[in-house]
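# Chains, contacts and geometry: an overview
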Amino acid sequence: QVQLVESGGGLVQAGGSLRLSCAASGNTFSIKLMAWCRQVPGKQRELVAGISSGGITNYAESVKGRFTISRDAAKNTWYLQMNSLKPEDTAVYYCFGATPLNYWGQGTQVTVSS
C-alpha cells in the first residue's frame, strides 16, 4: 500500500518557475516508476515526465528542455521542476507511482498567466 501527497501548485506568470513535490508513504521500496501527468478539461490525461527506479527518464516533447523530474530516495519524494512556464502548461498536475500497481496523488492546479 502506497499513499501519495503532492504540493507546490499555484499561479505564476509566463516565463516563471514552479517546483511540484510528491511525498510517498507506505511500502515505498516497491515503487518502480515515478511520474507526473497533467490534464486539461475535455482532453486526455497526458504523461509529462517519468523516472524509473534505475534513473531512466522520459519527457513529453512539449516540455523537453524546460521541465526536469528528479527523486530523493532519503525523503521518499520526487519532484517536477518547471522552468520557462507557458500558458499552455496550465493544467491539473497529478503525481503517479507504480509498483506496478498504480497510485495517484490528489492533483494540484498549475495556472500560468500571459
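Since this is a predicted model, take the numbers as computed values, not measurements.

Attention shifts here to the sheet that holds strand β3 (residues 18-26). Backbone hydrogen bonds hold the strands of a sheet together, and the pairing may be parallel or antiparallel. Pairing in this open sheet of four strands is antiparallel, and the strands run β1-β3-β8-β7 from one edge to the other. Of all the strands in the sheet, the pair left with one neighbour each is β1 (2-7) and β7 (67-72). Each adjacent strand pair in this sheet contributes to an overall mean axis angle of 15°, direction not counted. Bridging between β1 and β3 involves six bridges; their strand directions are antiparallel. Looking at β3, one finds that V5 is bridged to A23.

For any two aromatic rings, the description comes down to two numbers: the centre-to-centre distance and the angle of the planes. This structure, assessed with the given rule, holds two aromatic pairs. Between Y94 and W104, the ring centres sit 6.4 Å apart and the planes meet at 85°, which makes this aromatic pair edge-to-face. You can see Y94 sitting in strand β9 (residues 91-98) and its partner W104 sitting in strand β10 (residues 102-104), a full ten residues away along the chain. With a centroid separation of 4.8 Å and an interplanar angle of 55°, the aromatic rings of F96 and W104 are classed as tilted. W104 sits in the partly exposed class, given a relative accessible area of 38%. Ring pairing ties together the aromatic residues Y94, F96 and W104, which thus form one cluster. Its guanidinium or amino end placed over the ring of Y94, R45 lies 4.0 Å from that ring's centre, counting from NZ or CZ.

Parameters and conventions
- Residues numbered from 1 in each chain as written.
- Predicted model: local features only at pLDDT ≥ 70, side-chain atom pairs only at ≥ 80, totals over all residues.
- Heavy atoms only, no water.
- Pairing = 2+ DSSP bridges.
- Helix = DSSP H or I, 4+ residues; strand = E, 2+ residues; numbered from the N terminus.
- Axes fitted to C-alpha atoms, helices over the stretch in contact; angles between N-to-C directions.
- Phe/Tyr/Trp six-rings, centres within 6.5 Å; stacked < 30°, edge-to-face > 60°.
- Buried < 20%, exposed > 50% of the residue type's maximum accessible area, 1.4 Å probe, protein only.
- Lys NZ or Arg CZ within 6 Å of the ring centre and 35° of its normal.

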